[in-house]
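Survey of secondary and tertiary structure
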Amino acid sequence: MKKLSLILLATLAISTATFAQTTKTKAPKEEVKIYNPAADAKADITAAVARAKAAKKHVFIQVGGNWCSWCIAFHHLVDNTPALKSYLNDHYETVLVNYSKENKNEAIMASLGYPGRFGYPVFVILDGDGEILHIQNSGYLEEGKGHSVKKVTEFLQGWTYEALDPATYATKDAVQ
C-alpha cells in the first residue's frame, strides 16, 4: 500500500510539473481584431449603401464578432483567396457589423431583420436603397471543415446587382 501511495504521489508530482511547464512556455494567444465593437454600424451601412447605389452594386454585410472562430475563418478565406476577394470587391460594398458582449448593435440587428437567428457569421445583402434582399445562413456555404469557395462564390453571384437587374435577362432573352 505504501508503494502504491508513493507511485501515485510521484505521478501527481510529475503531472503537476509538466502542466506548470507547458503553461509557462505556451505563447499567449494573439487576440483577433477583425470586428470593431466601437464602430458606428449605422453610419458604416449608410455610407456603403450610398457607394453601392452610385456604383450599381449591392452591399454585403458580414455580421459576427472577434469571439467567433467561424467568422474569423470566413474572413481569412476571403483574404487568402484572390479570386473570391476580387469578386466580392468588384460586385459589393462590404461592411463588417460587430455582434459581441461589448456591442450587440441591437438597433442595427433589428433593422436587418435579426439575422443572428441563423448563427454567426451571417450575411445580409442590401440593395442601393438599403433594402434587405437576402439574409444568408453561412452554414449552407460550408463544406468539410470550413466555408466552400465554390459555394460562397455561387451565393455571391446570385445576389449581385447584375443578377437582379431585369435588363440582364431582357438582353439574353432577346438574343435567344
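Described below are features of the structure shown in this document. Keep in mind it's a predicted model, so treat the numbers as computed, not measured.

**Some details on the sheet that holds strand β3 (residues 122–126)**
If you trace the 4 strands from one edge of the open sheet to the other, you get β2-β1-β3-β4, paired in mixed fashion. At either end of the open sheet lies a strand with only one pairing partner, and these are β2 (92–98) and β4 (132–137). Taking the axes of each pair of neighbouring strands and ignoring which way they run, one obtains an average angle of 20° across the sheet. In this sheet, β3 lies alongside strand β1 (residues 58–64) in antiparallel orientation, the contact comprising 5 bridges. When the sheet's bridge partners are listed, F60 is paired in β3 with I125. The sheet strands contacting helix α2 (residues 41–55) are β1, β2 and β3, and the helix crosses β2 at an angle near 175°. Each of β1 and β2 is contacted by helix α4 (residues 82–91), which is oriented at about 100° to β2, the strand it contacts most.

**A look at unusual backbone geometry**
Residue Y120 is joined to P121 through a cis peptide bond whose omega torsion reads -5°. Within the secondary structure layout, P121 lies in the loop between α5 (106–111) and β3. In this structure, N105 takes a positive phi of about 45° despite not being glycine. As for its position among the elements, N105 is in the loop between β2 and α5. If you check the backbone angles, Y114 has positive phi at about 55° while not being a glycine. Tracing the backbone through its elements, the reader meets Y114 in the loop between α5 and β3.

Cut-offs and rules
- Residues numbered from 1 in each chain as written.
- Predicted model: local features only at pLDDT ≥ 70, side-chain atom pairs only at ≥ 80, totals over all residues.
- Heavy atoms only, no water.
- Pairing = 2+ DSSP bridges.
- Helix = DSSP H or I, 4+ residues; strand = E, 2+ residues; numbered from the N terminus.
- Axes fitted to C-alpha atoms, helices over the stretch in contact; angles between N-to-C directions.
- Contact = heavy atoms within 4.5 Å.

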